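# Understanding the architecture of this molecule
Residues per chain, in single letters:
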Amino acid sequence: MVLPIFGYGYPLLKKRSVNIDKNYPDLKILIRDMYETMYNASGVGLAAPQIGKGIRLFIIDTSAFDNEEFELNSGFKTKSVKKTFINPEIINESGDLKLFEEGCLSIPNIRESINRKSEIKIKYQDENFNIHQDSFDGIVARVIQHEYDHLEGVLFTDKISPFKKKLIKGKLKNIMTGKVPVDYVMNFFKNQS
Ligand SMILES: [Zn+2]
């Protein structure tokens, strides 16, 4: 089932999410619905707060970037990784800082260049709550960093300069009030009772 994606302005998007355990109700269905929602919106990552749940869970699928053209334009080595991260904890970020233009399904029609380190080490649990520790780089690290930020209550618009933030203030307000064209289902903050 495709779930509505919560737009910029919802207080939940600015809150730190909480860990879950095996007893979290209907987790398998939730994860399946999140993949469906992400693909329906042509996204490469989706975090639980974006569908209105303040829990430490996100998914990624970077296969859309797995082509030569992207590699040439971005300077990133591409790699397809489809993975579910539960209770993740970034242990270390290293490597060069790299600027890359990011977007977000909760903040449609805005893209900004964000500086992030190029390598990460992350500990997380999979769908079966088995513990893993992996290192990622390139576009995969970038997508994970963006989704991980969602669990910390941080949006990419929090990472731009005050000057740039001022420039997009009007656009952000339009997203809050639903005055933005999107081709997927969203919950806009104005609809909150
Ligand atoms: Zn996002």
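Provided above is the structure to which this section pertains.
Below is a short write-up of the structure. These numbers come from a predicted model, not from an experiment.

Criteria and thresholds
- Along each chain, residues carry numbers from 1 onward, in the same order as the chain's sequence is written.
- Totals for whole chains, interfaces and linings use all residues, but because this is a predicted model, local features are given only for residues with pLDDT of at least 70 and pairs of side-chain atoms are given and counted only at 80 or more.
- As a rule here, side-chain values come from all non-hydrogen atoms in the structure, and water together with hydrogens is ignored.
- The pairing criterion for strands is at least two bridges between them, as found by DSSP.
- Only DSSP runs of H or I reaching four residues or more are called helices, and only runs of E reaching two or more are called strands; each is numbered from the N terminus.
- The axes used here are C-alpha line fits, helices contributing only the stretch in contact, and every angle between their N-to-C directions lies in the interval 0 to 180 degrees.
- Contact definition: two residues touch when any of their heavy atoms are within 4.5 Å.
- Site definitions follow a grid-based scheme: protein atoms alone, a 1 Å grid, a 1.4 Å probe that fits but cannot get out for cavities, and for pockets an open set with protein on both sides within 12 Å along at least five of seven lines, plus lining residues having an atom within 4 Å of a point.
- Grid points are joined across faces, edges and corners, and a volume is the space filled by probe spheres set on the points.
- When residues are grouped by polarity, Ala, Val, Leu, Ile, Met, Phe, Trp, Tyr, Cys and Pro land in nonpolar, Asp, Glu, Lys and Arg in charged, and all others, Gly among them, in polar.
- In this listing, donors mean N, O and S atoms no farther than 2.8 Å from the metal, or 3.2 Å for Na, K and Ca; water is missing from the atoms, so a site can look incomplete.
- Each residue is assigned to one of three classes by its accessible area relative to the maximum for its type, calculated with a 1.4 Å probe on protein chains only: buried under 20%, partly exposed between the two thresholds, exposed over 50%.
- What we call a nonpolar core is a set of buried Ala, Val, Leu, Ile, Met, Phe, Trp, Tyr and Cys residues that are connected through their side-chain atoms within 4.5 Å.

### Quick look at the sheet that holds strand β5 (residues 107–125)
Sheet architecture is open: five strands sit in the order β2-β3-β4-β5-β6, paired in antiparallel fashion. Only two strands of the sheet have a single neighbouring strand rather than two, namely β2 (45–47) and β6 (131–137). On average, each strand axis in the sheet is inclined to that of its neighbour by 40 degrees, with strand direction left out of account. Of the pairings in the sheet, the one linking β2 to strand β3 (residues 57–61) comprises three bridges and is antiparallel in character. The residue bridging leucine 46 from the neighbouring strand is isoleucine 59, located in β3. Seen against the sheet, helix α1 (residues 27–40) touches β2, β3 and β4 (82–104) and runs at an angle of roughly 45 degrees to β3.

### Notes on the layout of surface pockets
Volume-wise, the largest pocket comes out at about 420 Å³. In this structure, the largest pocket is lined by 25 residues; those nearest its centre are Val44, Gly103, Cys104, Leu105 and Arg111. When residues of the lining of the largest pocket are traced back to their parent elements, those giving at least two are β4, β5 and α3 (138–151). Here the element with the most residues in the lining of the largest pocket is α3; it accounts for six residues. For the lining of the largest pocket, a count of residues per class yields 12 nonpolar, eight polar and five charged.

### A word on the coordination of the zinc ion
When four donors bind a metal tetrahedrally, each ideal donor-metal-donor angle is 109.5 degrees, and when six bind octahedrally, the ideal angles are 90 or 180 degrees. Distances from the zinc ion to its protein donors, Cys104 (SG), His146 (NE2) and His150 (NE2), fall at 2.1 to 2.2 Å. Sequence positions of the donors to the zinc ion reduce to the motif C-x41-H-x3-H. Of this pair, cysteine 104 sits in strand β4 while histidine 146 sits in helix α3, and the two are 42 residues apart along the sequence. Each of the two residues, cysteine 104 as well as histidine 146, counts as buried.

### With respect to the nonpolar core
Counting residues in each nonpolar core, the largest one holds 37 residues, and the members touching the most others are Leu27, Leu30, Met34, Leu46, Leu57 and Ile107. If one sorts the elements of this core by residue count, α1 sits on top with six residues. If you look at the next biggest cluster of nonpolar residues, it comprises 22 residues, including Phe76, Ile120, Ile139 and Ile144.

### Points about the pairing of β3
Across the five residues that make up β3, a large majority, five, are buried. By the alternation rule, side chains of β3 split into Leu57, Ile59 and Asp61 and Phe58 and Ile60, which are all buried. In this sheet, β4 lies alongside β3 in antiparallel orientation, the contact comprising five bridges. What sits directly across from isoleucine 60, in β4, is lysine 83.

### Here's the deal with the environment of glycine 43
Considering the arrangement of structural elements, one finds glycine 43 in the loop between α1 and β2. Each C-alpha atom, one on glycine 43 and one on aspartate 183, is 12 Å from the other, the two residues being 140 residues apart in sequence. Those residues within four positions of glycine 43 in sequence are excluded, and the remaining contacts are Met38 and Leu105.

### Digging into the pairing of β6
Two elements, β5 and β6, share seven bridges in a ladder whose sense is antiparallel. Within β6, the position partnered with isoleucine 122 by the bridge is aspartate 134. Adjacent in sequence and paired antiparallel, β5 and β6 are bridged by five residues, among which phenylalanine 129 carries a positive phi angle near 65 degrees.

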